[in-house]
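Overview (structure and organization)
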Amino acid sequence: MPEQGKMMGKQLKWGIAGAGMITHDFLTAMASLPAEQHKVVAIAGKDLDRVHRLATLHNIDTAYEGYESIASDTDIDIVFVSVLNLQHFDVTKLMLENGKHVLCEKPMGMTYKQTKCLVDLAREKKLFLLEGMWSRFFPAYDALDKHIASGGLGDVYHINIQFGVEINDIERNLMKDLGGGVVLDLGVYMLQLLQFVYKEPPTDIMCAGHLSKTGVDESISCALKYKDGKTATIAAHTRATMANRAEITGTKGTILLDYFWCPTVLHISAANSTEWTLPKGKCKFHFHNSAGLSYEIQECWDCINQGLLESPKMSLDESILMSKLSDTMRAQLGVLDSEL
């Protein structure tokens, strides 16, 4: 299809389930995209005052209390699910059962069992489903993939990733019944990059870490073994700020990826780096490089207008694999979960 015809695709009418800070950033990022492609029809949440504030700020006509109204709103094509981790499964399932496409914040499910259930349901109903692993849609990831595929790094043999941010004062990260923990909040970003580069699951994984007094995993350090001599080390912490960088080492050098979960610069060598400029938002963003959420929003439009039910950049099978690995990591840390 020619580029002009592509731009004339169907406008996506969005519903928003959740009214937290990430929702504000998501809506601000969406406003940088063409209005003929994206329109927010309604927003819903449990705190109606907060929902109304977001609706007013972002010029959304309809505000609902609770998520059933979003599910039954026939004007909505796709729903962005940005509730607490523990609610992702129930709210996403509700939307799929009501015939809505879904973009769900990561992690899509708290466990492999939940993730597999959602994927099976979406495939059965022939609906688009995407886990919001926003990293995958940054231009830096496309450039990284092309560089590795062209042999620019030679054979990649080791990946080292650190991800530490001080978030232990945030309630949802302290409370087990809110679905917090370092693996599901930070660890999945490291896992997805390992999978992106190696394109195969590890043959062995060994993890250690600490649990908080409430039984939530607050730190983790893992060694991963892959086929053909390939290895990886990853570490994450919720009590300390770390380098927050990925180092991908091959026989021809090392690529550094600062802010690897939302990178705007790719350092191939000291004399060779590429930088991308993020879209500008009309409102202030809460989180680092949140303007890059526009890339995953646009991916939804591209896929649905091409008749795709999942993204080739973040397949549903990969979401299932990520949840399996997350289960393994949490089990090794001793995070008790009745569904594991």
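A quick note: this is a predicted structure, and the numbers were derived from the prediction, not measured.

1. Some words on the overall build of the protein chain
In terms of regular secondary structure, the protein chain is built from 11 helices and 14 strands. Relative to a compact globule of 340 residues, whose C-alpha radius of gyration would be 20 Å, the protein chain shows 20 Å and is just as compact. Counting every position in the protein chain, which comprises 340 residues, the buried fraction comes to 53%. Of the contacts formed within the protein chain by residues at least 6 apart in sequence, a portion of 70% connects residues at least 24 apart. Of the roughly 15,000 Å² of accessible surface on the protein chain, 51% is carried by carbon and sulfur atoms. Counting 33 positive and 42 negative side-chain charges, the protein chain places the centres of these two groups 2 Å from one another.

2. Comments concerning the pattern of salt bridges
In this structure the tally under the stated criterion is 11 salt bridges. Between Arg245 and Asp258 there is a salt bridge whose closest N-O contact spans 2.7 Å. With Arg245 in strand β11 (residues 245-250) and Asp258 in strand β12 (residues 253-258), the pair connects residues that are 13 residues apart, well separated along the chain. Classification of Arg245 by relative accessible area gives partly exposed; the value is 29%. Here Asp258 falls in the partly exposed class, since its relative accessible area comes to 24%. Where salt bridges share partners, they join Arg123, Glu310 and Asp317 into one cluster.

3. Concerning empty space enclosed by the protein
Tallied over the entire structure, the rule returns one cavity of 30 Å³ or more. For the largest cavity, the calculated volume is near 70 Å³. Lining of the largest cavity is provided by 14 residues; of these, Pro107, Gly109, Glu131, Met322 and Ser323 occupy positions nearest its centre. Contributions of two or more residues to the lining of the largest cavity are made by α9 (182-198) and α11 (316-333). Looking at the lining of the largest cavity, its residues break down into six nonpolar, six polar and two charged.

4. Details of the UniProt feature "domain: Gfo/Idh/MocA-like oxidoreductase N-terminal" (unreviewed entry) in the protein chain
On the UniProt side, "domain: Gfo/Idh/MocA-like oxidoreductase N-terminal" (unreviewed entry) is annotated at positions that read residues 12-129 here. For residues 12-129, helix accounts for 42% and strand for 24%, while the C-alpha atoms at its two ends are 14 Å apart.

5. Examining helix α6 (residues 112-125)
The first and last C-alpha atoms of α6 sit 20 Å apart over 14 residues, in line with the 20 Å expected at 1.5 Å per residue. Residues of α6 that are buried sit in contact with α5 (88-97), β6 (129-132) and α11. Just downstream of α6, Lys126 is the residue with a positive phi angle, here 55 degrees.

6. A closer look at the state of the cysteines
Per the counting criterion, the structure on display carries one disulfide. Note that Cys207 is cross-linked by a disulfide to Cys222, the S-S spacing being 2.3 Å. Here the S-S torsion is close to 110 degrees, and the disulfide linking Cys207 with Cys222 is therefore right-handed. Pair noted here: Cys207 is in strand β8 (residues 204-211) and Cys222 is in strand β9 (residues 217-225), with a separation of 15 residues, a long-range link. Cys222 matches Cys207 in its accessibility class, with the two residues each being buried. Of all cysteine sulfurs in the structure, the one in Cys300 sits closest to Cys262, which takes part in no disulfide; the separation is 18 Å.

7. Some remarks on the layout of surface pockets
Empty space within the second largest pocket amounts to approximately 430 Å³. In terms of lining, the second largest pocket is formed by 17 residues, of which the most central are Leu27, Met30, Ala31, His58 and Asn59. Elements that contribute at least two residues to the lining of the second largest pocket include exactly α2 (21-30) and β2 (38-45).

8. Some points on the packing of aromatic side chains
Applying the stated criterion to the full structure yields 11 aromatic pairs. Centroid distance Trp134 to Phe138: 5.3 Å. Interplanar angle 75 degrees. Geometry classified as edge-to-face. Here Trp134 and Phe138 have matching classes, each one buried. A ring pair is formed by Phe260 and Trp261, whose centres lie 5.4 Å apart and whose planes are at 80 degrees; its orientation type is edge-to-face. Assigned by exposure class, Phe260 and Trp261 land together as buried. The structure contains a cluster of three or more aromatic residues connected by ring pairs, namely Phe163, Tyr189, Tyr259, Phe260 and Trp261. One residue, Lys199, lies across the ring of Phe196, its end atom 4.9 Å from the ring centre.

Rules and cut-offs
- Residues numbered from 1 in each chain as written.
- Predicted model: local features only at pLDDT ≥ 70, side-chain atom pairs only at ≥ 80, totals over all residues.
- Heavy atoms only, no water.
- Helix = DSSP H or I, 4+ residues; strand = E, 2+ residues; numbered from the N terminus.
- Rg over C-alpha atoms; globule rule 2.2 N^0.38 Å.
- Buried < 20%, exposed > 50% of the residue type's maximum accessible area, 1.4 Å probe, protein only.
- Contact = heavy atoms within 4.5 Å.
- Areas by Shrake-Rupley, 256 points an atom, 1.4 Å probe, with all protein chains shown as cover.
- Lys, Arg positive; Asp, Glu negative; His and termini not counted.
- Charge placed at Lys NZ, Arg CZ, Asp CG, Glu CD.
- Salt bridge = Lys/Arg side-chain N within 4 Å of Asp/Glu carboxyl O.
- 1 Å grid on protein atoms, 1.4 Å probe; cavity = no way out; pocket = protein on both sides within 12 Å on 5 of 7 lines; lining within 4 Å.
- Points joined across faces, edges and corners; volume = space filled by probe spheres on them.
- Nonpolar A, V, L, I, M, F, W, Y, C, P; charged D, E, K, R; others polar.
- UniProt positions renumbered as here; feature names shortened; annotations may be inferred.
- Expected span 1.5 Å × (residues − 1).
- Disulfide = S-S within 2.5 Å.
- Phe/Tyr/Trp six-rings, centres within 6.5 Å; stacked < 30°, edge-to-face > 60°.
- Lys NZ or Arg CZ within 6 Å of the ring centre and 35° of its normal.

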